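What follows is each chain in one-letter form.
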Amino acid sequence: MSSYGNEPSAHGRKVTIVGGGIIGVCSANYLVRNGFSVEVIDPALPGSQDQCSFGNAGGICPGSCIPNSMPGVLKNVPKWLMDPEGPLYVRLAYLPHALPWLIRFLAASRKPRVEEISAAMRSLHRMTFECYEPLMKEAGCEELLQKRGQLFVYESENGPAGSAYSLDLRRRHGVKVEILDADEIRQLEPALAPIFKSAVYLPEQGQCPNPGRLVAKLAENAARLGVRFTRGRVTGFDKGASGVTGVWLDGGERREVDQLVLSTGAWSADLARTLGDRIPFETERGYHVMVKTDTGLRVQTISADRKFVASPMEAGLRIAGNVEFSGLTMPPNMHRADALLKQARPMFNRPLEGEVSRWMGHRPGTPDSIPVIDRAKKASNVIYAFGHGHQGLIAGSVTGKIVAELAANRPTSIDLTPFRASRFQL
Ligand SMILES: Cc1cc2nc3c(=O)[nH]c(=O)nc-3n(C[C@H](O)[C@H](O)[C@H](O)COP(=O)(O)OP(=O)(O)OC[C@H]3O[C@@H](n4cnc5c(N)ncnc54)[C@H](O)[C@@H]3O)c2cc1C
């Protein structure tokens, strides 16, 4: 436990949450359980496909501690960019906009910084199960957390050797790691075609077979406990000496504010800027394709060579991946989703046949792979909880707990120093 500085001298028991994705609804659940009166404002329905939280790969992994920007990342970038079906795409016209973020991303790949980020990730993620379980139990959806482990498969025999530093990081953070050969892969996952020669199995990881339903169920539970959900987009804030005093909605309505949580995912940077914090931020657009079929796959499986995730879901198989830099407003390029499906086909023993649906979502990305969980610099009644990037489902439950601790001005469950907004100041 660590205590948290910069507390407001006084704060109220009414909390307005702006943004009701996984971060917002987990915060709502923890706040209402701690006696706060809570309202969530969002134009989207919780769990609907407009939210990034709807279409992710479902990984709920306490052992997730590998930043996106690792030593040597720069040498892979040209290869990824040249491949039209590769995991990374930067729209040329968008490059000048994304460049400062990308430079910071590369700077985060220095080993000493990777060590710090990895430790911060582990500290945030390690309690994910214990923070979800009481909420899921209360919401009656415990089946949405499956503790089956996570499998990284390689098409070469010595694949894990190429990930030696990642494995070392995981082991040093106490994450259980097993190296499998081709026979052991087949025993664990008979659904996989015999193209994989080696694997890393992380037995303590978990998965959610329907992340959208999870958000909807947690929102439903929060509403049952008294949380008010309002459909609307926040367009601005009124500010006073002690922070934000009111929020404006797109319909022209105004809400008085006591305390405010900003959990607007990929849409957070502009709102934070109006509150006095400039945070380097990008939407890392990602895609999924769903095939209504049963491959027999049980464990979430990552193609380590091709950088996509295959997840067994309630409604079929989900193939998820890609990082695309082209901003918040460009229409999706569903060819990327199709490319994921094409790459996944040889992976299974059974043919991937069935109805197909495609989706694109906006990951809220900071350049150093960890979120901002902090109070706004110039508005001490505002709690930031955004920027969870590739790990927002994992971190949702823990972030919700921390948000309630901050709102109550109590010591927080983890040290929040690595997650401060001020870390980006030059
Ligand atoms: C392909 C893909 C695979 C992924 N796989 C995983 C995974 O396996 N595990 C994992 O942990 N994470 C994964 N992620 C990341 C994860 O989905 C995100 O980190 C997470 O969903 C972010 O949650 P959020 O609540 O911050 O954002 P969102 O779910 O996007 O919610 C933000 C909400 O804010 C609302 N909002 C925006 N602006 C305003 C405004 N002005 N006023 C009011 N409301 C507003 C939006 O309508 C939205 O509902 C994946 C993401 C993608 C794209």
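The rules we used
- Residues numbered from 1 in each chain as written.
- Predicted model: local features only at pLDDT ≥ 70, side-chain atom pairs only at ≥ 80, totals over all residues.
- Helix = DSSP H or I, 4+ residues; strand = E, 2+ residues; numbered from the N terminus.
- Rg over C-alpha atoms; globule rule 2.2 N^0.38 Å.
- Buried ≥ 20, exposed ≤ 12 C-beta atoms within 10 Å, placed from the backbone.
- Contact = placed C-beta atoms within 7 Å.
- Axes fitted to C-alpha atoms, helices over the stretch in contact; angles between N-to-C directions.
- Parallel < 35°, antiparallel > 145°, perpendicular 65-115°, else oblique.
- Left-handed = near helix turned anticlockwise from the far one by under 90°.
- Nonpolar A, V, L, I, M, F, W, Y, C, P; charged D, E, K, R; others polar.
- Pairing = 2+ DSSP bridges.
- Near = placed C-beta within 6 Å.
- Core = buried A, V, L, I, M, F, W, Y, C linked by C-beta atoms within 7 Å.

## As for the overall build of the protein
Part 1 of the reasoning: In terms of helices and strands, the protein carries twelve helices and 20 strands.
Part 2 of the reasoning: Its C-alpha atoms give the protein a radius of gyration of 21 Å, near enough to 22 Å, the size a compact globule of 426 residues would have.
Part 3 of the reasoning: Projected onto its principal axes, the C-alpha coordinates of the protein cover approximately 65 × 45 × 40 Å.
Part 4 of the reasoning: Burial analysis of the protein (426 residues in total) assigns 50% to the buried set.
Part 5 of the reasoning: Restricting the contact set of the protein to residue pairs at least 6 apart, pairs at least 24 apart contribute 76%.

## What about the packing of helix α1 (residues 22-33) against helix α12 (residues 392-407)?
Angle between the axes and distance between the axes are the two parameters that describe a pair of packed helices.
Part 1 of the reasoning: In contact at an axis separation of 7 Å, α1 and α12 are set at 40 degrees when each is read in the N-to-C sense. By the angle between their directions, the pair α1 and α12 is classed as oblique. Seen along the crossing, α1 lies across α12 with a hand that is right-handed. Of the residues in α12, those touching α1 at I22, I23, C26, S27, N29, Y30 and L31 are G392, L393, G396, S397, T399, G400, K401, V403, A404 and A407.
Part 2 of the reasoning: Residue classes in the contact of α1 with α12 are distributed as nine nonpolar, seven polar and one charged.

## A closer look at the sheet that holds strand β13 (residues 259-262)
Part 1 of the reasoning: In spatial order, the strands read β9-β2-β1-β13-β20-β19; together these six strands make up an open sheet with mixed pairing. Looking along the sheet, the strands with just one partner apiece sit at the ends: β9 (228-231) and β19 (372-376). On average, adjacent strands in this sheet sit at an angle of 20 degrees to one another, irrespective of strand direction.
Part 2 of the reasoning: Summarising the sheet, strand β1 (residues 14-18) and strand β2 (residues 37-42) pair through five bridges and their orientation is parallel. Counterpart to I17 in the pairing with β2 is V40.
Part 3 of the reasoning: The sheet strands contacting α1 are β1, β2, β13 and β20 (379-386), and the helix crosses β2 at an angle near 170 degrees.
Part 4 of the reasoning: Lying over the sheet, α12 contacts β1, β13, β19 and β20, oriented at roughly 175 degrees with respect to β20.

## A look at the site of the ligand
Part 1 of the reasoning: By nearness alone, 41 residues border the ligand, and G19, G21, G265, G286 and G392 come closest of all.
Part 2 of the reasoning: Of all the secondary-structure elements, those providing two or more residues to the shell around the ligand are α1, β2, β14 (282-291), β18 (356-365) and α12.

## A short note on the sheet that holds strand β11 (residues 243-249)
Part 1 of the reasoning: The sheet built from three strands is open, its strands ordered β10-β11-β12 with antiparallel pairing. The open sheet has two edge strands, β10 (234-240) and β12 (254-256), and neither has a second partner. Each strand axis lies, on average, 30 degrees off the axis of its neighbour in the sheet, ignoring direction.
Part 2 of the reasoning: With three bridges joining them, β11 and β12 adopt antiparallel strand pairing. When the sheet's bridge partners are listed, V247 is paired in β12 with R255.

## Digging into the nonpolar core
Part 1 of the reasoning: Counting residues in hydrophobic clusters, the biggest one holds 119 residues, and the most contacted among them are L31, A199, L262, Y384 and V403.
Part 2 of the reasoning: Examining the composition of this core, we find that nine residues originate from one element, α12, more than from any other.
Part 3 of the reasoning: Look past the residues within four positions of L31 in its chain and what remains in contact with it is V15, F36, V38, V403, A404 and A407.

## What to know about the environment of P332
Part 1 of the reasoning: Within the fold, P332 resides in the loop between β17 (316-325) and α11 (335-344).
Part 2 of the reasoning: By C-beta crowding, P332 is classed as partly exposed, having 15 other C-beta atoms within 10 Å.
Part 3 of the reasoning: Measuring from C-alpha to C-alpha, the distance between P332 and W359 comes to 8.2 Å, with 27 residues separating the pair along the chain.

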